[in-house]
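Topology and contacts: notes
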Amino acid sequence: MTTVTSPAPARPLYARLWAGVPKELLYLIIAFPIGTAFFAVSIGLFSTAVGTVATFFLGVIFLVAVLYVARGAGMLELALLGWVGRPAIRRPDWNDRTAKTGFFGWLRALFGNGHYWLYLVWTMIVNFIVTTFSFTIAITWFATALGGITGWIWMAFIPNSDRDFFVSSWLVERVLGGDARFDPAVADTLLWFLVGLVFTATLPFVTRGLTWLHWGVARGLLGAFRTDALEKEVATLTESRTAAVAAEGTALRRLERDIHDGPQQRLVRLQMDIAAAERQLESDPDAARKLLEEARQQSKDALEELRALSRGFAPPILMDRGLVAALESLAVRSAVTVRVVSSLPEGTDLPTELERNAYFIAAEGLTNAVKHSGGSAIDLRIDLRRVPDDLDQTWLDITVTDDGRGGAAAVPGHGLAGLQERVLGQGGTLEITSPAGGPTVVTAHLPVTFAG
């Protein structure tokens, strides 16, 4: 019998708000002195930069310094907001791909990056205003709440002999229009206790609202531009397309070479044997029969090689039974012992094109390990993992591990370089770890896009 465990019920919203109060209150308290310090430093550096701009060199140095100070202040703010529990804000791309080498190229890229100037505006103006406002509200609210609920302890020690104003008496006389017929000191203590309860009850909403205010400002001024993501995606797609074209060209040249060195030579030999058999058919039938037998063997061998080469296009078992079964079949045919380990959930339906490329990548990885590692055993592992980042991308990992001599590297013109081109052509990445003496671990990460 299978026991189904019910998930624990979620805590009420108010309880979750209270759980975040300590961090949020601490953040609001420390954000003010940190913001004030960065405000003072940035104002001083920027004023000095403006005052020394006539000298150019000194002005540039101070301007660069204030931009980097602003960048540091903004990155610290993003880190603190993440610590408090606010959603992650995508960081800007500080590396300008269009920057030229040299001092002036770096300077042009620095001053031309809009993120630095937005961070400077945030540090010198916006953050100081926001932190001052949030610090004032948070401290006032917290002090009123704490003072109100604890007033019955310390208010009894305050002498009231010379006191002629009580809030409770004023409320009764001015608001209710009657005379105070009670002890005003006790009434004030009770009144402040009620005020303290109200401020305490609303404290989680205040701290949460103020931290969300900081987060909203930071998202608008400190986050990456949408164009940054588009530029990065275009650059990645361009790189992938170039790698795909290179990988396709390498594959075609390899196929041409394999056909030339294998089946073509056997077919030429087959043609020669048949011609010789025709010439000896009447004069020496036995010799002709022997040549025909050799020709038949040549045709059989050529057919086997063509079948082996055809697996580079679409193995039937891959289409019929899926990726894992095709890799197990590939492992059986290997000259070295191969152990296939798969963590794919049962019933996983991967895109057909992804399975095809994953098969070829695994086959090429195994071939490189068998030919060059000198190992006696190979592990082939298939994993499916989801990365919980802002894209929530799913990846298919193909890992080939051998116990060979190590020292493998993606050298241009060799197997691992071609494998890297094939992986990049699919928008993935290739990791190679191969210390001297082994083991060698080659992992291909392929992005998975499921049909909607």
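The preceding data block contains the structure.
Residues numbered from 1 in each chain as written. Predicted model: local features only at pLDDT ≥ 70, side-chain atom pairs only at ≥ 80, totals over all residues. Heavy atoms only, no water.

Examining the pairing of strand β3 (residues 393-402)
We apply this condition: Between buried and exposed lies partly exposed: a residue is buried under 20% and exposed over 50% of the maximum accessible area for its type, with that area taken using a 1.4 Å probe on protein chains only. Where helices and strands are cited, they refer to DSSP runs of H or I of at least four residues and of E of at least two residues respectively, numbered from the N terminus. When DSSP finds two or more bridges between a pair of strands, those strands are recorded as paired.
Counting buried residues in β3 gives eight out of 10 residues, a clear majority hidden from the surface. Bridging between β3 and strand β5 (residues 440-448) involves nine bridges; their strand directions are antiparallel. Residue pairing for β5: W395 is matched across the bridge by P447.

With respect to the side chain of T211
Formally: Within 3.5 Å is the distance limit for a polar contact, defined as a pair of N or O atoms, with the added protein rule that one can donate a hydrogen and the other accept it, and that residues adjacent in sequence qualify only through two side-chain atoms. Whether two residues are in contact is decided by their heavy atoms: any pair within 4.5 Å suffices.
Within the element layout of this structure, T211 appears in helix α7 (residues 184-222). On the accessibility criterion, T211 (0% relative accessible area) is buried. At a separation of 2.8 Å, a polar atom in the side chain of T211 contacts the main-chain carbonyl oxygen of R208. Not counting chain neighbours up to four residues away, the residues in contact with T211 comprise E24, Y27, L28, L81, V84 and R86.

Quick word on the environment of V340
Counting through the fold element by element, V340 comes out in strand β1 (residues 337-342). In sequence terms V340 and L380 are 40 residues apart; their C-alpha atoms lie 4.8 Å from each other. Excluding residues that lie within four positions of it along the chain, V340 makes contacts with L327, E328, A331 and L380.

Concerning helix α13 (residues 352-372)
This is how the line gets drawn: Multiply 1.5 Å by the residue count of a helix minus one, and that product is the helix's expected span.
With 21 residues, α13 should reach 30 Å at 1.5 Å per residue; the first-to-last C-alpha distance of 30 Å fits that figure. Once α13 finishes, G374 follows within two positions and takes phi at roughly 70°, a positive value.

Overview of the packing of helix α2 (residues 21-51) against helix α3 (residues 57-84)
Which entries qualify depends on this criterion: Between N-to-C directions, angles span 0 to 180 degrees; the directions come from axes that are lines fitted to C-alpha atoms, helices contributing only their stretch in contact. For classification, angles of less than 35 degrees are called roughly parallel, those exceeding 145 degrees roughly antiparallel, those between 65 and 115 degrees roughly perpendicular, and all remaining angles oblique. Residues were grouped as follows: Ala, Val, Leu, Ile, Met, Phe, Trp, Tyr, Cys and Pro as nonpolar; Asp, Glu, Lys and Arg as charged; and all remaining residues, including Gly, as polar.
At a minimum axis distance of 9 Å, the contact between α2 and α3 shows a crossing angle of 170°. Looking at the two axes, α2 sits roughly antiparallel to α3. For the contact of α2 with α3, the class distribution of residues is 20 nonpolar, three polar and three charged.

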